[in-house]
Amino acid sequence: MIDKNIVIFASGSGSNAENIAKYFEKSSNVKIKAIFCNKPDAYVLQRAKNLNIESFLFNKEDFYNSEKVLNKLKEIKPDLIVLAGFLWLIPENIINEYRGKIINIHPALLPKFGGKGMFGENVHRAVFENKETKTGITIHYVNEKYDEGDIIFQAETKIDEHDTPQSIAEKVHALEYKFFPKIIEELLNL
Ligand code: GRF
């Protein structure tokens, strides 16, 4: 019997979304019910199709000035909402309804390298330019502010003098793929 529903929000490529979906593909009690997306040309929509997962596309107006997205969530009744490379701030109506049930992954060790504009390659370039000796991932609860909710989990990786923003990104992605599905599973079993 399926008793835990997940909704994933993504804006871009969606490699994390796919990795999570594959992790739970054979699970009898966890189901990825839908991928919510704000970009009509995002590759994650193609991945959703390939994975046979419903996708739900919305625009800024739907998200910030209507109940469309909230209502769709209410239909699905997610136990957990997972932001995996989703770039818009979650509006208050959704935060209030699902407080403590929305998590995000950030590709650095928060509170460093977080906040508005700190996403994707920008983060890895900033880490590189700052000559950090380590970086990593942060999985955290989502609140009204970018990257400021309580931290659930962090994992680190070393940076050495041969690393480039590109190789740092690869190391961080590897951590994301390894840990994000497992942390989701742990949270669902709480
Ligand atoms: C990931 O690095 C994630 O941490 C971040 O955005 C990136 C998304 O990559 N916030 P993908 O779309 O899952 O490939």
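Draft legend 1. Spatial organisation of the nonpolar core. Core analysis: the biggest nonpolar cluster contains 40 residues, and Ile6, Ile8, Val82, Phe180 and Ile184 have the highest contact counts within it. Considering every element that reaches this core, the biggest residue donor is helix 7 (residues 165-188), with nine residues. Other than its neighbours up to four places away in sequence, Ile6 contacts Phe24, Val30, Lys31, Ile32, Lys33, Ala34, Leu80, Val82, Ile184 and Leu188.

Draft legend 2. Broad picture of the site of the ligand. Residues in close proximity to the ligand include Ser13, Gly14, Ser15, Asn16, Gly85, Ile105, Pro107, His173 and Glu176, which together make up its full environment. Contact distances for the ligand include 2.7 Å between an oxygen atom and a backbone N or O atom of Gly14. The backbone of Asn16 places a nitrogen or oxygen atom 2.8 Å from an oxygen atom of the ligand. Protein contact buries 87% of the 370 Å² of open area that the ligand shows by itself. Of all the elements in the fold, those that place two or more residues in the shell around the ligand are helix 1 (15-24) and helix 7.

Draft legend 3. Structural view of unusual backbone geometry. In this chain, Leu110 is followed by Pro111 through a cis amide linkage whose omega measures 10 degrees. Take Pro111: it is sitting in the loop between strand 5 (102-106) and helix 6 (120-129). In this structure, Phe113 takes a positive phi of about 55 degrees despite not being glycine. As for its position among the elements, Phe113 is in the loop between strand 5 and helix 6. Backbone geometry places Asp147, a non-glycine residue, at a positive phi of 60 degrees.

Draft legend 4. Inspection of the packing of aromatic side chains at higher detail. Applying the stated criterion across every chain, the model contains 15 aromatic pairs. With a centroid separation of 4.9 Å and 80 degrees between ring planes, the pair formed by Tyr23 and Phe24 is classed as edge-to-face. On the basis of relative accessibility, which here comes to 34%, the residue Tyr23 falls in the partly exposed class. In this structure Phe24 comes out as buried when scored by relative accessible area, which is 4%. Aromatic pair Phe58 and Trp88: ring centres 6.3 Å apart, planes at 65 degrees, arrangement edge-to-face.

Calculation criteria
- Residues numbered from 1 in each chain as written.
- Predicted model: local features only at pLDDT ≥ 70, side-chain atom pairs only at ≥ 80, totals over all residues.
- Heavy atoms only, no water.
- Core = buried A, V, L, I, M, F, W, Y, C linked by side-chain atoms within 4.5 Å.
- Buried < 20%, exposed > 50% of the residue type's maximum accessible area, 1.4 Å probe, protein only.
- Helix = DSSP H or I, 4+ residues; strand = E, 2+ residues; numbered from the N terminus.
- Contact = heavy atoms within 4.5 Å.
- Near = heavy atom within 4 Å.
- Polar contact = N/O pair within 3.5 Å; in protein donor to acceptor, adjacent residues only side chain to side chain.
- Areas by Shrake-Rupley, 256 points an atom, 1.4 Å probe, with all protein chains shown as cover.
- Phe/Tyr/Trp six-rings, centres within 6.5 Å; stacked < 30°, edge-to-face > 60°.

Remember, this is a structural readout, not a statement about activity or role.
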